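Chain by chain, the residues:
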Amino acid sequence: MEKKAQLYEGKAKKVYATDDENLLIVSYKDDATAFNGQKRGTIEGKGVINNKMSNILMALLEENKIPTHFVKELSDRETLVKKVKIVPLEVIVRNVSAGSFSKKYGVEEGIVFDEPTIEFSYKNDELGDPLLNDYHALALKLVTKDELETIKKYAFRINEILKKVWSLCKITLVDFKLEFGKLSDGRIVLADEISPDTCRLWDSESGKKLDKDRFRRDLGGTEDAYCEVMARLMQNIKSAQEIKF
Ligand code: TMP
């Protein structure tokens, strides 16, 4: 597969065209940003870990009937994916209070919910990714009703699968952000990435944060945390593949 022109550079990834109009190559960077790009830095080796982790998890989701953009890992940092039109929604699922949820509603972090929650942000950096509800998403014509139902169904199913995978690794899946895309035939698939950049992952016993919050909150040890999470996933992925979800 030949890598052609760079089409886009985001905060954590670059996207290239290929000689197949339906396929793209994504290349994961070590660059890290937070607070809508106000905080910038580098997490050494993050691109390699996020690429591999995202691919392992997306392949597992595919096996469990969640369609994704993943096609094939090409190298440490590069992956071949299906070309999609990104649905401009950040889809956030939460199992435990943390981050903006705790701040907004004035509750401590670490409260385990009886049921997971879902929320949407309008993916728009200029507006600061404002929170919106289903009706707003429909009014803005960001999605159709059917697409929204599909996205919610997939998001909760993904949560069930990922919660079990991380629990095998002795990690609590606190919350995470997903992005979906539309293939040329209109089908919705999971896109973007699943990594410690986009998930909150806490050690189940100590509660230690093993995700990008270490960078966001200047806790130190960010690289080690990413390595730790990756190592635990590699140790447990075989067992995860055997689970009937
Ligand atoms: P929040 O608590 O800051 O709203 O974040 C919820 C989850 O979404 C958390 O796992 C981190 C992830 N996230 C992103 O992936 N990208 C973002 O831009 C933000 C704000 C959060």
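It should be noted that the structure appears before, not after, this text.
Source: prediction; values computed, not measured. (Residues numbered from 1 in each chain as written. Predicted model: local features only at pLDDT ≥ 70, side-chain atom pairs only at ≥ 80, totals over all residues. Heavy atoms only, no water.)

## A few points about the sheet that holds strand E1 (residues 3-9)
Thought 1: Ordered by their spatial adjacency, 5 strands build an open sheet running E1-E2-E3-E7-E6, and the pairing between neighbours is antiparallel. Of all the strands in the sheet, just E1 and strand E6 (70-73) have a single pairing partner and so form its edges. The average undirected angle you get between the axes of adjacent strands in this sheet is 30°.
Thought 2: When strand E2 (residues 13-18) meets strand E3 (residues 23-28), the two strands line up antiparallel, connected through 5 bridges. Looking across to E3, one finds that Tyr 16 is bridged to Ile 25.
Thought 3: Sheet strands in contact with helix H1 (residues 46-63) are E3, E6 and strand E7 (78-82), and its direction is about 130° off that of E6. (Pairing = 2+ DSSP bridges. Helix = DSSP H or I, 4+ residues; strand = E, 2+ residues; numbered from the N terminus. Axes fitted to C-alpha atoms, helices over the stretch in contact; angles between N-to-C directions. Contact = heavy atoms within 4.5 Å.)

## Considerations on a positive patch on the surface
Thought 1: Together, Lys 65, Arg 157, Lys 164 and Lys 244 line one region of the surface with positive charge.
Thought 2: Considering the arrangement of structural elements, one finds Lys 244 in the segment after helix H6 (222-242). (Patch = residues over 30% accessible without salt bridge, like charges linked within 9 Å, V, L, I, M, F, W, Y side chains within 5 Å. Areas by Shrake-Rupley, 256 points an atom, 1.4 Å probe, with all protein chains shown as cover. Salt bridge = Lys/Arg side-chain N within 4 Å of Asp/Glu carboxyl O. Lys, Arg positive; Asp, Glu negative; His and termini not counted. Charge placed at Lys NZ, Arg CZ, Asp CG, Glu CD.)

## A word on a nonpolar patch on the surface
Thought 1: Together, Tyr 105, Val 107, Ile 111 and Leu 131 line one region of the surface with nonpolar side chains, adding up to about 340 Å² of accessible area.
Thought 2: Tracing the backbone shows Val 107 in the loop between helix H2 (99-105) and strand E10 (112-122).

## Some words on the pairing of strand E12 (residues 171-182)
Thought 1: Among the 12 residues that make up E12, 10 are buried, leaving the element largely enclosed by the rest of the structure.
Thought 2: Pairing of strand E8 (residues 85-86) with E12 involves 2 bridges; the strand directions are antiparallel. Looking across to E12, one finds that Ile 86 is bridged to Gly 181.
Thought 3: Across 4 bridges, the pairing between strand E9 (residues 89-96) and E12 is antiparallel. Bridging across to E12, Arg 94 finds its partner in Asp 175. (Buried < 20%, exposed > 50% of the residue type's maximum accessible area, 1.4 Å probe, protein only.)

## Here we look at the site of the ligand
Thought 1: In the vicinity of the ligand there are 14 residues, among which Arg 94, Ser 100, Asp 175, Lys 177 and Arg 200 approach most closely.
Thought 2: Between the ligand and the protein, one listed contact pairs an oxygen atom with a side-chain N or O atom of Arg 94 at 2.9 Å.
Thought 3: Asp 175 has a polar side-chain atom sitting 2.6 Å from an oxygen atom of the ligand.
Thought 4: A total of 440 Å² of accessible area belongs to the ligand in isolation, and the protein chains cover 76% of it.
Thought 5: Of all elements in the fold, only E9, H2, E12 and strand E14 (199-203) reach the threshold of two or more residues within the shell around the ligand.
Thought 6: Tallied by class, the residues present in the shell around the ligand amount to 4 nonpolar, 3 polar and 7 charged. (Near = heavy atom within 4 Å. Polar contact = N/O pair within 3.5 Å; in protein donor to acceptor, adjacent residues only side chain to side chain. Nonpolar A, V, L, I, M, F, W, Y, C, P; charged D, E, K, R; others polar.)

## What to know about the pattern of salt bridges
Thought 1: Going through the model one piece at a time under the given rule, you end up with 28 salt bridges.
Thought 2: Asp 197 is paired through a salt bridge with Lys 46; the nearest N and O atoms lie 2.6 Å apart. Residue Asp 197 is found in the loop between strand E13 (188-191) and E14, and its partner Lys 46 is found in helix H1; the two are separated by 151 residues along the sequence.
Thought 3: Here Asp 197 falls in the buried class, since its relative accessible area comes to 9%.
Thought 4: For Lys 46, a relative accessible area of 1% corresponds to the buried category.
Thought 5: Put simply, Glu 179 and Lys 177 hold a salt bridge, and the shortest N to O gap is 2.7 Å.
Thought 6: What makes Glu 179 buried here is its relative accessible area of 5%.
Thought 7: Each of Arg 94, Glu 109, Glu 119, Asp 175, Arg 200, Lys 209, Asp 213, Arg 216 and Arg 217 takes part in a single network of salt bridges with overlapping partners.

## Concerning the packing of aromatic side chains
Thought 1: Tallied over the entire structure, the rule returns 3 aromatic pairs.
Thought 2: Taken together, a centroid distance of 5.0 Å and an interplanar angle of 55° make the contact between Phe 101 and Phe 113 tilted. Pair noted here: Phe 101 is in helix H2 and Phe 113 is in strand E10, with a separation of 12 residues, a long-range link. Considered together, Phe 101 and Phe 113 belong to a single accessibility category, that of buried residues.
Thought 3: The structure contains a cluster of three or more aromatic residues connected by ring pairs, namely Phe 101, Tyr 105 and Phe 113.
Thought 4: Sitting over the face of the ring of Tyr 16, Lys 3 holds its NZ or CZ atom 4.3 Å from the ring centroid.
Thought 5: We note Lys 39 situated over the ring of Phe 215; from NZ or CZ to the ring centre the distance is 5.1 Å. (Phe/Tyr/Trp six-rings, centres within 6.5 Å; stacked < 30°, edge-to-face > 60°. Lys NZ or Arg CZ within 6 Å of the ring centre and 35° of its normal.)

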